[in-house]
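Read off the chains here:
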Amino acid sequence: MSFGQGGPQSQWDPWTPQSQQQPQQPWNSGNSDGTPDWAALAEASEARAKRRRLLFIGGGALATVAIAGAVAVAVVSANGSGQASDSPSSQLPSTADIPSATATRPSFAPTSAPPPLDPKDFVSSAEKDKAPLGPDLLFPGTQLTMGETVYKKGPTADTRTCGSAAQGTLPKVLDTNECTRLLRVTYTKGDTAVTVGVAVFDTEAQAEKAKKEADKKSIVRSLSGGGVTSFCTGAVCRSTTNSYGRYAYFTVAGFTDGKDVTEKSTGVFRAGDDLAEFAFRQIRRRGEAQASAAAEG
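Not measured: the values here are computed from a predicted model. (Residues numbered from 1 in each chain as written. Predicted model: local features only at pLDDT ≥ 70, side-chain atom pairs only at ≥ 80, totals over all residues. Heavy atoms only, no water.)

(A) Looking closely at the side chain of Arg238. Within the secondary structure layout, Arg238 lies in strand S7 (residues 238–244). Within the local environment of Arg238, its side chain forms a polar contact with the backbone oxygen of Phe269, the two atoms lying 3.2 Å apart. Engagement of the side chain of Arg238 in a polar contact is seen with the side chain of Asp273, the distance being 2.8 Å. Every residue in contact with Arg238, bar those within four places of it in the chain, is listed here: Thr251, Val252, Ala253, Val261, Phe269, Gly272 and Asp273. (Helix = DSSP H or I, 4+ residues; strand = E, 2+ residues; numbered from the N terminus. Polar contact = N/O pair within 3.5 Å; in protein donor to acceptor, adjacent residues only side chain to side chain. Contact = heavy atoms within 4.5 Å.)

(B) Broad picture of the side chain of Ser222. Topologically, Ser222 is positioned in the loop between strand S6 (218–220) and S7. Setting aside residues no more than four positions away along its own chain, Ser222 makes contact with Arg184, Thr195, Phe231, Cys232, Thr233 and Val252.

(C) View of the sheet that holds strand S2 (residues 149–159). A sheet is described by the order of its strands in space; here six strands give the open sequence S1-S2-S4-S5-S8-S7, paired in antiparallel fashion. Whereas interior strands pair on both sides, the edge strands pair on one side only; in this sheet they are strand S1 (143–146) and S7. Along the sheet, successive strands turn relative to each other by an average axial angle of 25 degrees, direction set aside. Where S2 and strand S4 (residues 181–189) come together, six bridges link them in antiparallel fashion. Each bridged residue has a counterpart across the sheet, and for Lys152 the counterpart in S4 is Thr188. Lying over the sheet, helix H4 (residues 204–213) contacts S7 and strand S8 (247–255), oriented at roughly 155 degrees with respect to S7. Against the sheet, helix H5 (residues 266–296) makes contact with S1, S2, S4, strand S5 (192–200), S7 and S8, and its axis sits at roughly 155 degrees relative to S8, the strand it touches most. (Pairing = 2+ DSSP bridges. Axes fitted to C-alpha atoms, helices over the stretch in contact; angles between N-to-C directions.)

(D) Looking closely at the state of the cysteines. Summed over all chains, the structure comprises two disulfides. For Cys162, the disulfide goes to Cys179, at an S-S distance of 2.1 Å. Between Cys162 and Cys179, the S-S torsion sits near -75 degrees, and that sign places the bridge as left-handed. Placement of Cys162 in the loop between S2 and strand S3 (166–168) and of Cys179 in the loop between helix H3 (170–176) and S4 is noted, with a sequence separation of 17 residues between them. Residue class for Cys162 comes out buried when judged on its relative accessible area of 2%. Note on Cys179: relative accessible area 12%, which makes it buried. Linked covalently through their sulfurs, Cys232 and Cys237 form a disulfide whose S-S length is 1.9 Å. One disulfide, between Cys232 and Cys237, carries an S-S torsion of -105 degrees and so falls in the left-handed class. Judged by relative accessible area, Cys232 falls into the buried class, the value being 9%. (Disulfide = S-S within 2.5 Å. Buried < 20%, exposed > 50% of the residue type's maximum accessible area, 1.4 Å probe, protein only.)

(E) Fine view of the nonpolar core. Phe139, Tyr187, Val196, Val198 and Tyr249 are the most contacted members of the largest nonpolar core, which totals 28 residues. Elements that contribute at least two residues to this core include exactly S1, S4, S5, S8 and H5. The element that contributes the greatest number of residues to this core is H5, accounting for eight residues. Setting aside anything within four residues of it in sequence, one finds Phe139 in contact with Lys153, Val185, Tyr187, Val196, Val198, Phe278 and Ala279. With 20 residues, the next largest nonpolar core counts Leu170, Leu174, Cys179 and Phe250 among its residues. (Core = buried A, V, L, I, M, F, W, Y, C linked by side-chain atoms within 4.5 Å.)

(F) Highlighting the packing of aromatic side chains. This structure, assessed with the given rule, holds two aromatic pairs. Ring geometry for Phe139 versus Phe278: centroids 5.8 Å apart, planes at 45 degrees, classification tilted. With Phe139 in the loop between helix H2 (135–138) and S1 and Phe278 in helix H5, this pair connects stretches of sequence that are 139 residues apart. A residue is classified by how much of its surface remains accessible, and Phe139, at 0% relative accessible area, is buried. Ring centres of Tyr244 and Phe280 lie 5.2 Å apart, and the angle between their planes is 90 degrees; on these two criteria the pair is classed as edge-to-face. Residue Tyr244 is located in strand S7, and its partner Phe280 is located in helix H5; the two are separated by 36 residues in the primary sequence. As far as burial versus exposure is concerned, Tyr244 and Phe280 are alike and both buried. A cation over an aromatic ring shows up here: Lys128 above the ring of Phe122, its NZ or CZ 4.3 Å from the ring centre. Of note, Lys259 hangs over the ring of Phe255, and the distance from its end group to the ring centre comes to 4.7 Å. (Phe/Tyr/Trp six-rings, centres within 6.5 Å; stacked < 30°, edge-to-face > 60°. Lys NZ or Arg CZ within 6 Å of the ring centre and 35° of its normal.)

(G) Representation of the environment of Ala279 within the structure. Within the secondary structure layout, Ala279 lies in helix H5. Judged by relative accessible area, which is 1%, Ala279 ranks as buried. Between the alpha carbons of Ala279 and Phe139 there is a distance of 8.0 Å; along the sequence they are 140 residues apart.

This is the structure:
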């Protein structure tokens with residue numbers, strides 16, 4: 001291999017990957033004194049500068065195109081459609097039409113239902129307790145079923161002089177508290193009979209006071225007739241006392257054959273309790289019916 005022969009070598013260019021090459025002098029066989037060809041060097045430098053300017057201009061154009069594309073995508077996404085809107089700003093909604101975060105929220109009238117009427121209020125005073133009243137209205141039908149026990153309905157009575165339908169200490173209790181009516185009904189089962197007496201007062205306070213003043217000798221008078229023989233006129237019987245609203249109710253239970261009631265007379269105790277419970281239910285139902293009618297009206 002010989003040196004100093006052949007064509008000219010390629011010039012070193014800092015913008016090409018051949019960064020490891022060293023700059024060389026242009027080949028000129030006609031210049032034997034070893035001085036560089038300054039004209040050739042200037043021409044090569046101008047060519048490199050021109051290429052550099054072209055690269056910068058081309059890169060800037062590509063960046064501009066990319067930014068314009070991103071803006072177009074953003075506009076399309078904001079409009080929520082496949083095309084960007086080119087409507088003038090004068091078509092935008094006015095400030096008054098744009099909802100405000102501080103705008104007053106709509107209010108609605110309350111829809112809660114009023115509290116239900118208390119049935120007891122309608123049977124606690126004569127002023128509100130206006131429904132018809134009588135022994136056959138309070139104790140309807142011809143028989144009564146409590147659980148599995150059936151009681152046959154007997155005679156009824158409606159006494160305006162309350163004391164005359166009571167005995168022992170009860171007449172005084174009823175008269176002192178101004179009882180206005182004493183409704184009575186008798187039910188029987190076999191040889192057991194029970195008379196229920198419902199004393200009517202003008203106010204709940206009077207009925208409550210009568211219940212408290214009654215003692216073991218305060219007994220409603222038994223009601224016989226209509227196929228029911230006399231009972232509890234001289235024998236030992238069992239009695240109860242209670243009240244609800246403006247009503248005080250009493251029971252007297254015993255045997256129709258004149259036997260005394262003892263602690264072993266479970267049938268008599270059960271009959272007295274059943275009739276006391278039934279009297280309470282009927283008075284309460286009376287209040288419920290009037291409360292329902294008032295609510296509907």
